[in-house]
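As a plain string of letters, each chain reads:
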Amino acid sequence: MDVDTRRLRELAAKATPGPRRVVRGGGHASPSVVGAESMHVSGREYRLPDGSTTSSRSYSYEVCEIRADLDLPAPAGNAGLIAVLDPATVLALCDAADERDALRARAETAERALAESAAHVEALRGAAQDAEALCTYLESVWPEVGTLPATQSTLRLVRAALAEEPAAPPCA
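Residues numbered from 1 in each chain as written. Predicted model: local features only at pLDDT ≥ 70, side-chain atom pairs only at ≥ 80, totals over all residues. Heavy atoms only, no water.

Things to note about the overall build of the chain
Quick reminder of the rule: Helix numbering and strand numbering both begin at the N terminus, where a helix is a DSSP run of H or I of at least 4 residues and a strand a DSSP run of E of at least 2. Per-residue accessibility, obtained with a 1.4 Å probe over protein chains only, is compared with the maximum for each type, and a residue is labelled buried under 20%, exposed over 50%, and partly exposed between these values. Residue contacts follow a heavy-atom distance rule, with two residues in contact if any of their heavy atoms lie within 4.5 Å. Accessible areas in this description were obtained via Shrake-Rupley with a 1.4 Å probe; residue shielding takes into account the shown protein chains only.
Broken down by element type, the chain carries four helices and five strands. In sequence order, the chain lays out its α and β elements as α-β-β-β-β-β-α-α-α. For the chain, the proportion of its 172 residues judged to be buried stands at 17%. Taking the contacts inside the chain whose residues are at least 6 apart along the sequence as the reference set, 53% of them involve residues at least 24 apart. A total of about 12,400 Å² of accessible surface is found on the chain, and carbon and sulfur atoms cover 60% of it.

Quick word on the side chain of Thr5
We count it as follows: Within 3.5 Å is the distance limit for a polar contact, defined as a pair of N or O atoms, with the added protein rule that one can donate a hydrogen and the other accept it, and that residues adjacent in sequence qualify only through two side-chain atoms.
For Thr5, the position within the fold is in helix H1 (residues 5-14). Note on Thr5: relative accessible area 11%, which makes it buried. Among the polar contacts made by the side chain of Thr5, one reaches the side chain of Asp98 at a distance of 2.9 Å. For Thr5, the contacting residues outside a window of four places in its chain are Cys94, Ala97 and Asp98.

Things to note about the pairing of strand S2 (residues 32-35)
For clarity, the cut-off: Pairing between strands requires that DSSP locate at least two bridges from one strand to the other.
Note: strand S1 (residues 20-23) against S2, four bridges, orientation antiparallel. What sits directly across from Val22, in S2, is Val33. Pairing between S2 and strand S5 (residues 62-65): three bridges, direction antiparallel. Paired with Ser32 across the two strands is Glu65, which belongs to S5.

Points about a nonpolar patch on the surface
The condition is simple: For patch detection, residues must exceed 30% relative accessible area and be free of salt bridges, and they are connected within 9 Å for like charges or within 5 Å for nonpolar side chains (Val, Leu, Ile, Met, Phe, Trp, Tyr). Basic side-chain nitrogens of Lys or Arg form a salt bridge, by our definition, when they fall within 4 Å of a carboxyl oxygen of Asp or Glu.
Residues Met1, Val3, Leu8 and Leu11 make up a contiguous nonpolar surface patch of about 400 Å² in total accessible area. For Val3, the position within the fold is in the segment before H1. Residue class for Val3 comes out partly exposed when judged on its relative accessible area of 35%.

A look at the nonpolar core
The following threshold applies: Residues grouped as a nonpolar core are buried Ala, Val, Leu, Ile, Met, Phe, Trp, Tyr and Cys residues, joined through side-chain atoms within 4.5 Å.
The biggest cluster of nonpolar side chains holds five residues, and these are Val33, Ile66, Leu70, Ala79 and Ala83. If we skip the residues at most four places from it in the chain, Ile66 touches Ser30, Pro31, Ser32, Val33 and Ala79.

Brief notes about the pattern of salt bridges
Opposite charge on two side chains lets them pair, provided their charged atoms get close. Tallied over the entire structure, the rule returns seven salt bridges. Among the ionic pairs, Arg9 bridges to Asp98, the shortest N-O distance being 2.8 Å. Remark: Asp98 occurs in helix H3 (residues 87-141) and Arg9 occurs in helix H1; sequence separation between them is 89 residues. Judged by relative accessible area, Asp98 falls into the partly exposed class, the value being 31%. For Glu122, the salt bridge identified is with Arg125, shortest N-O distance 2.8 Å.

Right under this line is the structure:
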């Protein structure tokens, strides 16, 4: 699943900061999700200096009002989820998703390099078999080649290299 972490980060920057909590409401007040430092304005309506009014269900950092019974599983789950997904949590999840994506990209690069290395090893094995065939051919058509010290040591080195198995890749 692809996650648009850039968009989530933008939304988190604009959201009510956390931590958050669920307030069950009571009386005429509906349940709400509010910022942890939200202040409850009590009981009756108050007239504010700007002419507006506030009531008992007014919170200074209200995230959302819940128009459902919190005793039911879905509304309670929705309220709880909204409460725990405060901006800091969303940013931490975005960081983890970005890190996962970076690790996935590195793993894919390593897999491609390993596949290329395997192809190179096969090519070297083919070249080594060709070298052995050449050594055998030279010894058969030019018997004197085996008597030359430089040729003897070269043939020994080639045959020793052919006898060695290549090291296994570190990830195998």
